[in-house]
Amino acid sequence: GVEHGFTEKNVRSIVQTRDGYLWLGTTGGLVRFDGVSFKVFSMTNTAGIKNVYIWALYEGRDATLWIGTDGGGLTRLKDGKFTAYTTDDGLSNGMVRDICEGRDGSLWLATNNGLNRFKDGKFTVFTTRDEPGGVHGLVQLPDRVYMETDNVDALKPALDPDDDLTDAEAET
């Protein structure tokens, strides 16, 4: 609670990383709980966080913590260093609502402007004529990534992370 440094009321995402920390994505920043006290990471004390409203948290296979924000893009926390990726880096929209990892290790990102893949340091944006607009949620199942979009009330198959994609399917 407040006596241990936690003052946020709105938690959007929670993940426990393999190093034992509990991470909370809140409307006031990224919060780390070590079992005793809370530490808040925000724009005022962490250069790699570009927006304090945290939508999504995901720990990758390589123990990287990925952070999706409301307008500040995607942030990577690796080996104690925060790195921000924004629309200037090729992300289609600064609101990253959800994150999952494909079988090939690429990240899949739900944004307000479509599905994005982050692989080998590069963003690829996927849009289709029948599914323009935002992607709100992602689920990685054994066969492929599924997404929830603006235009449907249920999950639908996205792209198989192992598929070879043509230029007609992707905007780079």
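In this text, all values refer to a predicted model and were calculated from it rather than measured experimentally.

A. Region of the structure containing the overall build of the protein. Each helix and strand in the protein was counted, giving zero helices and 16 strands. The buried share among the 172 residues of the protein stands at 45%. The long-range share in the protein, meaning contacts at least 24 apart out of those at least 6 apart in sequence, stands at 38%. Of the roughly 8800 Å² that the protein leaves accessible, carbon and sulfur atoms contribute 46%.

B. The arrangement of the layout of surface pockets in detail. Volume-wise, the second largest pocket comes out at about 240 Å³. Around the second largest pocket, the lining is made up of 16 residues, and of these Asp19, Ala63, Leu77, Asp79 and Gly80 lie nearest the centre. Its residues placed into classes, the lining of the second largest pocket shows seven nonpolar, two polar and seven charged.

C. Summary view of the pairing of strand E11 (residues 114-119). The element E11 is extensively covered by neighbouring structure, given that five of its six residues are classed as buried. As paired elements, strand E10 (residues 107-111) and E11 share five bridges and run antiparallel to each other. Pairing of Leu107 across the sheet is with Phe118, part of E11. In sequence, E10 turns back onto E11 through a hairpin of two residues.

D. Structural view of the sheet that holds strand E8 (residues 81-85). Read from one edge of the open sheet, four strands run E5-E6-E7-E8, paired in antiparallel fashion. Where the open sheet ends on each side, the last strands, each with one partner, are strand E5 (54-59) and E8. Here the strands of the sheet are splayed against their neighbours by 20° on average, with no regard to which way each runs. As judged from the five bridges shared by strand E7 (residues 74-78) and E8, these two strands associate in the antiparallel manner. What sits directly across from Thr75, in E8, is Ala84.

Thresholds, definitions, all that
Residues numbered from 1 in each chain as written. Predicted model: local features only at pLDDT ≥ 70, side-chain atom pairs only at ≥ 80, totals over all residues. Heavy atoms only, no water. Helix = DSSP H or I, 4+ residues; strand = E, 2+ residues; numbered from the N terminus. Buried < 20%, exposed > 50% of the residue type's maximum accessible area, 1.4 Å probe, protein only. Contact = heavy atoms within 4.5 Å. Areas by Shrake-Rupley, 256 points an atom, 1.4 Å probe, with all protein chains shown as cover. 1 Å grid on protein atoms, 1.4 Å probe; cavity = no way out; pocket = protein on both sides within 12 Å on 5 of 7 lines; lining within 4 Å. Points joined across faces, edges and corners; volume = space filled by probe spheres on them. Nonpolar A, V, L, I, M, F, W, Y, C, P; charged D, E, K, R; others polar. Pairing = 2+ DSSP bridges. Axes fitted to C-alpha atoms, helices over the stretch in contact; angles between N-to-C directions.

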